[in-house]
Amino acid sequence: AGRMASVAAVSTPSVLGNTPAQKDYYVLRTLTAGGVAACCAKSSIAPLDRVKILLQAQNPHYKHLGVFSTLTAIPKKEGFLGLYKGNGAMMVRIFPYGAIQFMAFDAYSELLRKNLGISGHIHRLMAGSMAGMTAVICTYPLDMVRARLAFQVKGEHRYTGIANAFQTIYLKEGGMLGFYRGLTPTLIGMAPYAGLSFFTFGTLKSLGLKHFPEMLGRPSSDNPDVLVLKTYVNLLCGGFAGVIAQTISYPLDVARRRMQLGGVLPDSEKCVNLTKTLQYVYTKYGIKKGLYRGLSLNYIRCVPSQAMAFTTYEFMKQVLYLN
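Computed from a predicted model, the values in this text were never measured in an experiment. (Residues numbered from 1 in each chain as written. Predicted model: local features only at pLDDT ≥ 70, side-chain atom pairs only at ≥ 80, totals over all residues. Heavy atoms only, no water.)

> Go over the environment of alanine 73 with me, naming the residues and quoting the values.
Mapped onto the elements, alanine 73 comes out in helix α4 (residues 67-78). Residues alanine 73 and tyrosine 321 lie 248 residues apart in sequence; the distance between their C-alpha atoms is 45 Å. The contacts of alanine 73, once residues within four sequence positions are left out, are Tyr62 and Leu65. (Helix = DSSP H or I, 4+ residues; strand = E, 2+ residues; numbered from the N terminus. Contact = heavy atoms within 4.5 Å.)

What follows is the structure, encoded as structure tokens:
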């Protein structure tokens, strides 16, 4: 999610303006564009996100069902809004996540190019990885709360809402450290995910505009001198980047979810660290039904969320004169 915004951030320009006021205004607009794009992308796939969390963690009410049967079972059991459970917390997290990742990518790119002399496509891989990790560390407690709320099923509520979940985790799970349970697999998963997303999309974009400018590009509406990808090309490049990054980092996402859910799961004592969690899931459920459970859903999530992220981001960028 924020992962969606990560891909779009590739096209953020590095010219920040000359005066401090211009720089601050540019930063504010970039934060807004990134945050709004991330929120729109995530809201469009919120029901699929809820299903993913329920399936990954083998929720007892839904674990015997597949992706599509779970999607139809949730409204019957919990009403239509059950599909969006945990989405309020997700929006609170995803806006700063998308915004921070945008700015961090921009800053790291600049740093790598100007200060360390690293250019070419490799700086995208490095800057993307670091931006992804920065955004994760800043917003992880919100992701933890969102996962806990999304895992609840009607009639068995442990938390009454976002504030109550924060309070309960803080008091019962070791203070601030309780909010960072599962951070290691998240960071290890995010580094290749964000890095590969930036790298794949950025490389495809620069090659496309360089070799086929007429066919794949069009002038930006806020600055005709800047060439941007046509919407459908953006979608294709972004979707492809998402698929590559997703496949490589997915088992770490499964491990992260189980570690985050902690005491909520009956087998939580088996999921104390990354290696043990991966080992336990592999031994008990195997590769397809354990480490890669719910992956087909992630591929299905990829396309609409990327579509929304890119369309919104391109729109926001032109509205806010970021080109």
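> I'd love a proper account of the pattern of salt bridges, names of residues and values included.
Within the structure shown, the criterion is met by 12 salt bridges. Across the pair aspartate 49 and lysine 42 runs a salt bridge, and its minimum N-O distance is 2.8 Å. Neither aspartate 49 nor lysine 42 differs from the other in exposure class; each is buried. The salt bridge involving aspartate 253 is made with lysine 52; its shortest N-O contact spans 2.9 Å. On the criterion of sequence distance, the pair formed by aspartate 253 in helix α10 (residues 231-261) and lysine 52 in helix α3 (residues 46-56) is long-range, its members being 201 residues apart. In this structure, aspartate 253 and lysine 52 share a single accessibility class: buried. (Salt bridge = Lys/Arg side-chain N within 4 Å of Asp/Glu carboxyl O. Buried < 20%, exposed > 50% of the residue type's maximum accessible area, 1.4 Å probe, protein only.)

> Describe helix α5 (residues 87-115), naming the residues involved and giving the relevant values.
Between its first and last C-alpha, α5 extends 40 Å over 29 residues, near the 42 Å set by a 1.5 Å rise per residue. Glycine 117 sits one or two positions beyond α5 and adopts a positive phi of about 70 degrees. (Expected span 1.5 Å × (residues − 1).)

> How would you sum up the packing of aromatic side chains? Please name residues and give values.
Applying the stated rule across the entire model yields 5 aromatic pairs. Where tyrosine 140 meets tyrosine 180, the ring centres are 5.8 Å apart and the plane angle is 15 degrees; that geometry is what we call stacked. Of this pair, tyrosine 140 sits in helix α6 (residues 122-151) while tyrosine 180 is found in the loop between α7 (162-172) and α8 (183-211), placing the two residues 40 residues apart along the sequence. Aromatic pair phenylalanine 166 and phenylalanine 179: ring centres 5.3 Å apart, planes at 45 degrees, arrangement tilted. Placement of phenylalanine 166 in helix α7 and of phenylalanine 179 in the loop between α7 and α8 is noted, with a sequence separation of 13 residues between them. Among the residues examined, phenylalanine 166 registers a relative accessible area of 25% and is labelled partly exposed. Here the guanidinium or amino end of arginine 29 rests over the ring plane of tyrosine 25, the centre of that ring lying 4.2 Å away. (Phe/Tyr/Trp six-rings, centres within 6.5 Å; stacked < 30°, edge-to-face > 60°. Lys NZ or Arg CZ within 6 Å of the ring centre and 35° of its normal.)

> Talk me through α6; I want residue IDs and the actual numbers.
For α6, which comprises 30 residues, the first-to-last C-alpha distance of 38 Å sits more than 12% below the rise-based estimate of 44 Å (1.5 Å per residue). Taken as a whole, α6 carries its principal kink of about 65 degrees at threonine 139; the proline proline 141 stands between one and four residues after it. For α6, a buried count of 22 out of 30 residues is recorded, marking the element as mostly surrounded by other parts of the structure. (Bend = angle between axes of the 7 residues up to and from the residue.)

> Requested: an account of a nonpolar patch on the surface, with residues and values cited.
Judged by side-chain polarity, Phe80, Leu81 and Tyr84 come together as a nonpolar surface patch covering roughly 350 Å² of accessible area. Relative to the assigned elements, tyrosine 84 resides in the loop between α4 and α5. Overall, the relative accessible area of 31% leaves tyrosine 84 in the partly exposed class. (Patch = residues over 30% accessible without salt bridge, like charges linked within 9 Å, V, L, I, M, F, W, Y side chains within 5 Å. Areas by Shrake-Rupley, 256 points an atom, 1.4 Å probe, with all protein chains shown as cover.)

> Could you give me a rundown of the confidence of the model for the chain, with the residues and numbers involved?
Interpretation of the predicted coordinates at a detailed level should be avoided for regions scoring low in pLDDT. For the chain, the average pLDDT comes to 84, and 94% of its residues sit at 70 or higher. Between the elements of the chain, mean pLDDT differs from a low of 48, seen in helix α1 (residues 2-8), to a high of 92, seen in helix α9 (residues 213-216). This stretch, residues 5-9, has a pLDDT under 50; its non-local contacts, to residues over four places away or in other chains, come to 19 contacts. Of the regions scoring below 50 in pLDDT, residues 11-15 engages in 16 contacts with residues more than four places distant in sequence or in other chains. (pLDDT = per-residue confidence, 0-100.)

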